[in-house]
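Coordinates in review
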Amino acid sequence: MKILVTGGAGFIGSNFIYYMLEKHPDYKLVCLDALTYAGNLETLEDAMKNENFKFVKGDITDREAVRKLFGEEKFDIVVNFAAESHVDRSIETPEVFLKTNILGTQVLMDASREFEVKRYHQVSTDEVYGDLPLDRPDLFFTEETPIHTSSPYSASKAAADLLVSAYHRTYNFPATISRCSNNYGPFHFPEKLIPLMIANALADKPLPVYGEGLNIRDWLYVEDHCSAIDLIIHNGRVGEVYNIGGHNEKANIDVVKIIIKELGKSEELITYVTDRKGHDMRYAIDPAKIHAELGWLPATKFDDGIKKTIKWYLDNKPWWENIISGEYKEYYKKMYDGR
Ligand code: NAD
Ligand code: TYD
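Owing to the predicted nature of the structure, the values given are computational and were not obtained by experimental measurement.

A word on the nonpolar core. Ile194 and Ile259 are the most contacted members of the largest nonpolar core, which totals 39 residues. Phe16, Leu21, Leu29 and Phe53 belong to the second-largest nonpolar core, a separate cluster that totals 34 residues.

Let us now look at the site of ligand 1. Near ligand 1 you find 28 residues, and of these Ile12, Asp33, Ser85, Tyr153 and Lys157 are the closest. The contact in question runs from an oxygen atom of ligand 1 to an N or O atom on the backbone of Phe11, over 3.0 Å. Measuring from a nitrogen atom of ligand 1, one finds a side-chain N or O atom of Asp59 at 2.8 Å. Elements that contribute at least two residues to the shell around ligand 1 include exactly helix H1 (11-23), strand S5 (119-125) and helix H5 (152-171). Among the elements that line the shell around ligand 1, the one with the most residues is S5, at 3 residues. Its residues assigned to classes, the shell around ligand 1 comprises 13 nonpolar, 12 polar and 3 charged.

Before going further, it helps to spend a moment on the packing of aromatic side chains. Summed over all chains, the structure comprises 22 aromatic pairs. For the ring pair Tyr129 and Phe141, a centre distance of 5.0 Å and an interplane angle of 35° mean the geometry is tilted. On the criterion of sequence distance, the pair formed by Tyr129 in the loop between S5 and H5 and Phe141 in the loop between S5 and H5 is long-range, its members being 12 residues apart. Like Phe141, Tyr129 is buried. Ring centres of Tyr184 and Phe302 lie 5.1 Å apart, and the angle between their planes is 55°; on these two criteria the pair is classed as tilted. Placement of Tyr184 in strand S7 (residues 183-184) and of Phe302 in helix H10 (residues 302-315) is noted, with a sequence separation of 118 residues between them. The same class applies to Tyr184 as to Phe302, namely buried. An aromatic cluster is built from Tyr37, Phe189, Tyr210, Tyr328, Tyr331, Tyr332 and Tyr336, whose rings are joined through pairwise contacts. Here Arg89 stacks its cationic end above the ring of Tyr37, 3.5 Å away from the centre of that ring. In this arrangement the basic side chain of Arg282 is found over the ring face of Phe140, its NZ or CZ atom lying 5.5 Å from the centre.

The subject of this paragraph is the site of ligand 2. Residues in close proximity to ligand 2 total 19 residues, the closest being Glu127, Arg217, Arg276, His279 and Tyr336. Within the side chain of Arg217, one N or O atom sits 2.7 Å away from an oxygen atom of ligand 2. A distance of 2.5 Å separates an oxygen atom of ligand 2 from a polar side-chain atom of Arg276. If ligand 2 stood free it would expose 510 Å²; the protein chains cover 97% of that surface. For the shell around ligand 2, the secondary-structure elements that each account for two or more residues are helix H6 (193-202) and strand S8 (207-210).

Relative to the helices and strands, Ala65 is located in helix H2 (residues 63-73). Residue classification places Ala65 among the partly exposed residues on the basis of a relative accessible area of 35%. Note: C-alpha distance between Ala65 and Gly278 (213 residues apart in sequence) is 37 Å.

Looking now at the sheet that holds S5. Read from one edge of the open sheet, 7 strands run S3-S2-S1-S4-S5-S6-S11, paired in parallel fashion. Of all strands in the sheet, those bounded by a partner on one side alone are strand S3 (53-57) and strand S11 (241-244). Sheet twist, expressed as the mean angle between neighbouring strand axes with direction ignored, is 20°. Strand direction decides the pairing type here: S5 and strand S6 (residues 175-180), joined by 6 bridges, are parallel. If you follow Gln122 over to S6, its bridge partner there is Ile177.

The next subject is helix H7 (residues 222-235). In this model H7 runs 20 Å from its N-terminal to its C-terminal C-alpha over 14 residues, within 8% of the 20 Å that 1.5 Å per residue would give. Buried residues dominate H7, accounting for 10 of its 14 residues. Along H7, the residues that are buried comprise Val222, Asp224, His225, Cys226, Ser227, Ala228, Ile229, Asp230, Ile232 and Ile233.

What follows deals with the pattern of salt bridges. It is possible for side chains bearing opposite charge to pair when their charged atoms get close. All chains considered together, the criterion is met by 19 salt bridges. Residues Glu240 and Arg237 are paired through a salt bridge, measuring 3.6 Å at the closest nitrogen-oxygen approach. Assessed through its relative accessible area of 42%, Arg237 is described here as partly exposed. Because the salt bridges share partners, they merge into one network encompassing Arg237, Glu240, Lys289 and Glu293.

Rules of the game
Residues numbered from 1 in each chain as written. Chains lettered and ligands numbered in written order. Predicted model: local features only at pLDDT ≥ 70, side-chain atom pairs only at ≥ 80, totals over all residues. Heavy atoms only, no water. Core = buried A, V, L, I, M, F, W, Y, C linked by side-chain atoms within 4.5 Å. Buried < 20%, exposed > 50% of the residue type's maximum accessible area, 1.4 Å probe, protein only. Near = heavy atom within 4 Å. Polar contact = N/O pair within 3.5 Å; in protein donor to acceptor, adjacent residues only side chain to side chain. Helix = DSSP H or I, 4+ residues; strand = E, 2+ residues; numbered from the N terminus. Nonpolar A, V, L, I, M, F, W, Y, C, P; charged D, E, K, R; others polar. Phe/Tyr/Trp six-rings, centres within 6.5 Å; stacked < 30°, edge-to-face > 60°. Lys NZ or Arg CZ within 6 Å of the ring centre and 35° of its normal. Areas by Shrake-Rupley, 256 points an atom, 1.4 Å probe, with all protein chains shown as cover. Pairing = 2+ DSSP bridges. Axes fitted to C-alpha atoms, helices over the stretch in contact; angles between N-to-C directions. Expected span 1.5 Å × (residues − 1). Salt bridge = Lys/Arg side-chain N within 4 Å of Asp/Glu carboxyl O.

See below:
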């Protein structure tokens, strides 16, 4: 079995590569990644030592390069993680989100059709469903919840999902889609909530909480996302959407307080800043379908996962210190100075 993993130098893609190399030692994995600001070859250093793994630098929107790779490698399965993934960046510069997330998906699907890939999996997000109100804790996103996007990021992911479904219906394209809630764990880029708060707290810097910090996210340990995708690509039904989440809803402020407590820091570091434009209030996944059809259940509880994650950031300081000392500084200044 040969699998193409796009975006594998990023957070979830790299975790998926490590998960698959261990779980399926007889599989061959090829990672195609453009190494944007979010991609990091150091993340794949250990994978590079495995003879079943190969890294290829390239852009999923580059039709010729993608065709050439598919022609050479003859993939059985394609799992598309490659994307621009940060909502805040999508508010500043939407265009690259449309290009990578929508057109890149189309290029990959066209190549998959031409070279008769047996299964194409689109890694999507619960953000395509928009948000739920805070005063209706009884509501959850199911696969039937209408698409209703809020940010340029979620709109671009939703457009890609619609295109995947259209390819399935029109060309009988063997695709599946998964929509997962917020992930956390090793190799999470330090501009996202959890790693940003860990890095700032360790440096005794202000912890910038948007608005009142009451927005709710449904956190899933990244390895549980990987195990769900593994099940879907092997046993999921073609043409279907699967929601992935572990009923782990937390308000942002509570997540920040847990991190502060684990690190033995002061809550005085919390700084409330101007809210994100169009900020989604609550995400909450109903994972009943993937549980019933594929027997998937998350293995890691938030209390354990956050401890493991904090330990990983403490044990792997060079990885993230290297990132935050570079171009990231400019990004941070632009997004947070005077906010
Ligand atoms: P990330 O930003 O950490 O990584 C994205 C990777 O894609 C990077 O390695 C980057 O270099 C690569 N990339 C970007 N543009 C590319 C292009 N044009 N061609 C080739 N490679 C390109 O993202 P992530 O958090 O790992 O998310 C991976 C996928 O999972 C995304 O599709 C995202 O929408 C989805 N998702 C993420 C979450 C989450 O909580 N992070 C939750 C649900 C779904
Ligand atoms: P983020 O990690 O960007 O993921 P997403 O927007 O895709 O859910 O943000 C998670 C939540 O944390 C979101 O409600 C925005 C909030 N947030 C802050 O309060 N402060 C920050 O500095 C960041 C990056 C996010």
